Amino acid sequence: MAPTSFATRSMLVRRRIATYFTGGAEGIPALVGALSEQGRVIHELSVDVRDGVRESNLACAVLLPGDEVEHLLDRLRALPSVVSAELA
């Protein structure tokens, strides 16, 4: 296996994340907490919660190391209110 330099491992990439969730506005703090854990920087956060609609959506851009993208998506999907979480 080839050695990986520190610079390669720590390079941050900007990924757009789209998450659909239930429970209305009450679910937003848990989503934002999962997105920003470990000091991740969130940009362009938008949330759409509508009366009478079962699912709401949250979209944002997150700066994180490229090898952590799937881990973040899995963590979001594990939240009880999340219906889906994908790259946008």
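As shown above, the structure is provided for reference.
By convention here, each chain's residues receive numbers from 1 onward along its written sequence. With the structure being a predicted model, the display of local features is reserved for residues of pLDDT at least 70 and the display and counting of side-chain atom pairs for 80 or more, all residues being used for whole-chain, interface and lining totals. Only hydrogens and water are set aside; all other atoms, that is, all heavy atoms of the structure, feed into the side-chain values.

### What to know about the pairing of strand β3 (residues 56-65)
1) Next: Of all the ten residues making up β3, eight are buried; the element is thus mostly covered by neighbouring parts of the structure.
2) Next: Pairing geometry for strand β1 (residues 12-21) and β3, over ten bridges, is antiparallel. Paired with Ala 18 across the bridge in β3 is Ala 59.
3) Next: Strands are labelled as partners when DSSP assigns at least two bridges between them. Under the scheme used here, helices are H or I runs from DSSP no shorter than 4 residues and strands are E runs no shorter than 2 residues, and both carry numbers assigned from the N terminus. Summarising the sheet, strand β2 (residues 41-48) and β3 pair through six bridges and their orientation is antiparallel. Looking at β3, one finds that Ile 42 is bridged to Val 62. Partly exposed residues are those whose accessible area sits between 20% and 50% of the maximum for their type, while under 20% is buried and over 50% is exposed, using a 1.4 Å probe and protein chains only.

### Let's talk about the sheet that holds β3
1) Next: On the basis of which strands lie adjacent, the open sheet formed by four strands has the order β2-β3-β1-β4 and antiparallel pairing. At either margin of the open sheet sits one strand with a lone partner, and together these are β2 and β4 (82-87). Between one strand axis and the next, the sheet turns through 20° on average, direction left out of account.
2) Next: Here β1 runs beside β4; their pairing, made up of five bridges, is antiparallel. Bridging across to β4, Ala 18 finds its partner in Glu 86.
3) Next: Packed onto the sheet, helix α3 (residues 69-77) meets β1, β3 and β4 and runs at close to 165° relative to β4. Note on geometry: axes are C-alpha line fits, over the in-contact stretch for helices, and angles between N-to-C directions span 0 to 180 degrees. Every residue pair with non-hydrogen atoms within 4.5 Å of one another is taken to be in contact.

### Some remarks on α3
1) Next: Within the sequence span of α3, burial applies to Val 69, Leu 72, Leu 73 and Leu 76. Projected onto a plane normal to the axis of α3, the buried residues spread over an arc of 100° and lie on a single side.
2) Next: Looking at the packing, one finds that the buried side of α3 touches β1, α2 (28-36), β3 and β4. Directions pointing from the helix axis toward each C-beta atom define the arc.

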